[in-house]
Amino acid sequence: MKFFYFVSLIASAGYLMAFLPKLRTQREPVAYWGCWAYLAANAIFWAIYGVRHYL
């Protein structure tokens, strides 16, 4: 299951890297901000997971 988290994390980051250089008017706003929200949620989740399981 963790494998799919990492795959989706890489896909989300890849989407942002592909569409970040575009003009703001050419981006898909829901997908763009959704990817940022997903990356932020993943960062928070893995930080909490790391603290709880490795410290």
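This write-up is about the structure you can find in this document. None of the values given here were measured: they were computed from a predicted structure.

**Focus on the packing of aromatic side chains**
Counted under the stated rule, the structure contains 8 aromatic pairs. Seen in terms of ring centroids, F6 and W46 are 5.1 Å apart; in terms of plane orientation they differ by 15°. Their pairing is stacked. Linking F6 in helix α1 (residues 2–19) with W46 in helix α2 (residues 29–54), this pair joins segments that are 40 residues apart in sequence. One aromatic cluster is present, built from ring pairs that chain together F6, F45, W46, Y49 and Y54.

**Comments concerning the packing of α1 against α2**
Running from N to C, α1 and α2 cross one another at 140°; their axes reach a closest spacing of 9 Å. The angle between α1 and α2 places the two elements in the oblique class. Our pair here, α1 against α2, has a crossing hand that is left-handed. Contacts from K2, Y5, F6, S8, L9, S12, A13, Y15 and L16 of α1 reach α2 at A31, Y32, C35, W36, Y38, L39, N42, W46 and Y49.

Reading the values: the criteria
Residues numbered from 1 in each chain as written. Predicted model: local features only at pLDDT ≥ 70, side-chain atom pairs only at ≥ 80, totals over all residues. Heavy atoms only, no water. Phe/Tyr/Trp six-rings, centres within 6.5 Å; stacked < 30°, edge-to-face > 60°. Helix = DSSP H or I, 4+ residues; strand = E, 2+ residues; numbered from the N terminus. Axes fitted to C-alpha atoms, helices over the stretch in contact; angles between N-to-C directions. Parallel < 35°, antiparallel > 145°, perpendicular 65-115°, else oblique. Left-handed = near helix turned anticlockwise from the far one by under 90°. Contact = heavy atoms within 4.5 Å.

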